[in-house]
Amino acid sequence: MTCTAPCWLLGLVLMVFHSVVLNAQQPFRHPSKRNSFTSPDGEFRFEYPDSLVQCQKDANQSDMWRPDESCEAFTPVCSDVSCNSAGTVACVAYPAHHIKKGTNFQAAAFSVTPLKEATTETECLKVVEPPPHVGESRNEIVNGVKFKVTEIDGVATGNLIDGYVYRSFHRNKCYELDIRIAFSNPAYADPGTMKNFDFEAVHRRLQSVLHTFEFTK
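Keep in mind the model is a prediction, meaning the values are calculated, not measured.

Calculation notes
- Residues numbered from 1 in each chain as written.
- Predicted model: local features only at pLDDT ≥ 70, side-chain atom pairs only at ≥ 80, totals over all residues.
- Heavy atoms only, no water.
- Helix = DSSP H or I, 4+ residues; strand = E, 2+ residues; numbered from the N terminus.
- Buried < 20%, exposed > 50% of the residue type's maximum accessible area, 1.4 Å probe, protein only.
- Contact = heavy atoms within 4.5 Å.
- Areas by Shrake-Rupley, 256 points an atom, 1.4 Å probe, with all protein chains shown as cover.
- Pairing = 2+ DSSP bridges.
- Core = buried A, V, L, I, M, F, W, Y, C linked by side-chain atoms within 4.5 Å.
- Phe/Tyr/Trp six-rings, centres within 6.5 Å; stacked < 30°, edge-to-face > 60°.
- Disulfide = S-S within 2.5 Å.

Enquirer: So what exactly am I meant to see when it comes to the overall build of the chain here?
Expert: Per the secondary structure count, the chain includes 4 helices and 12 strands. The buried share of the chain, reckoned over its 217 residues, is 42%. Of the contacts formed within the chain by residues at least 6 apart in sequence, a portion of 56% connects residues at least 24 apart. Per element, the accessible surface of the chain, about 12,800 Å² overall, is 55% carbon and sulfur.

Enquirer: How should the sheet that holds strand 1 (residues 34-38) be read in this particular structure?
Expert: The strands making up a sheet associate through hydrogen bonds between their backbones, and the pairing can be parallel or antiparallel. Within the open sheet, the 3 strands sit side by side as 1-2-12. Their pairing is antiparallel. Both edges of this open sheet fall to strand 1 and strand 12 (214-215), since each of them pairs with a single strand only. Pairing geometry for strand 2 (residues 44-49) and strand 12, over 2 bridges, is antiparallel. Paired with Phe44 across the bridge in strand 12 is Phe215.

Enquirer: Just checking my understanding: could you explain the nonpolar core for this structure?
Expert: In globular proteins that are soluble, nonpolar side chains generally tend to be buried together. Counting residues in hydrophobic clusters, the biggest one holds 33 residues, and the most contacted among them are Phe46, Phe110, Phe147, Leu177 and Val202. Elements that contribute at least two residues to this core include exactly strand 2, strand 6 (90-93), strand 7 (105-114), strand 9 (145-156), strand 10 (159-170), strand 11 (173-184) and helix 4 (199-210). In this structure Phe147 touches Arg138, Asn139, Glu140, Val142, Tyr166, Arg167, Ser168, Leu177, Phe213 and Phe215, once residues within four positions along its chain are discounted. Of all hydrophobic cores here, the second largest spans 13 residues; its members include Val53, Ala73, Val77 and Ile161.

Enquirer: Looking at this model, I keep getting lost on the packing of aromatic side chains. Mind explaining?
Expert: By convention here, two paired aromatic rings are described through the distance between centres and the angle between planes. Scanning the entire structure with this criterion turns up 15 aromatic pairs. With a centroid separation of 6.2 Å and 75° between ring planes, the pair formed by Phe147 and Tyr166 is classed as edge-to-face. Residue Phe147 is found in strand 9, and its partner Tyr166 is found in strand 10; the two are separated by 19 residues along the sequence. Among the aromatic side chains, those forming a connected cluster through ring pairs are Phe37, Phe44, Phe46, Tyr48, Phe110, Phe147, Tyr166, Tyr175, Phe213 and Phe215.

Enquirer: How do you make sense of the sheet that holds strand 9 when you look at a structure like this?
Expert: The 7 strands are arranged 3-6-7-11-10-9-8 in an open sheet whose pairing can be described as antiparallel. The open sheet terminates on both sides in strands that have one partner only, identified here as strand 3 (53-54) and strand 8 (133-142). The pairing of strand 3 with strand 6 spans 2 bridges and is antiparallel. Among the inter-strand pairings, Gln54 is bridged to a residue of strand 6, identified as Val92.

Enquirer: Help me understand the state of the cysteines, please; the structure alone is not making it clear to me.
Expert: Each disulfide is one covalent bond, formed between the sulfur atoms of two cysteines. Inspection of the entire model under this criterion finds 3 disulfides. Across a sulfur-sulfur distance of 2.1 Å, Cys55 and Cys71 are joined as a disulfide pair. Judged by the sign of its S-S torsion, about -85°, the bond between Cys55 and Cys71 is left-handed. Of this pair, Cys55 sits in the loop between strand 3 and strand 4 (56-57) while Cys71 sits in helix 2 (residues 68-71); the two residues are 16 residues apart in sequence, bridging distant segments of the chain. Residue classification places Cys71 among the buried positions, given a relative accessible area of 1%. When the cysteines engaged in disulfides are numbered in sequence order, the chain pairs them as 1-2, 3-4, 5-6.

Dropping the structure here:
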């Protein structure tokens, strides 16, 4: 039997409705926008997704970073290995609101600090203690540049920090790239009131930023 015009219209309506229903069942995901940071002197650049937070120095307190809910912790995260942020020129933090409440997460960030006091390659590549405990160092290549990587950890009144220090002596300048993750010690909390956050997930997100770092001169 041949369909009449109304049958064709009914079939078309059903096809459109079926397509709309299927599309509604599929989550719509916007591609993550990439932001680019270039140092004021044009010496280096890196990229980071807009899901992370670009920290800014407080205009009234040079050792503080804003927004403080993501960029500040008991132990500084927007700083070099010695907890000094005076020379830090870039800091990108993991957003605090992405971490579930009730965990021991404080803050975590990737930062870049030119170390003006290190004038030789030997001085640049040597990470000393205290204050943190310094682990074994290894060599790692990032975008064709060799870095000396040192893992550190520190403890202060129930507050912990794990860090990864990347140093390179480039064009007679020392550069330190840091991934610093600050968190509380659950042992100091009442039993059952604090859970461990997903450390590896936070570390991977910040490490993906580090892997876009490159010298432009």
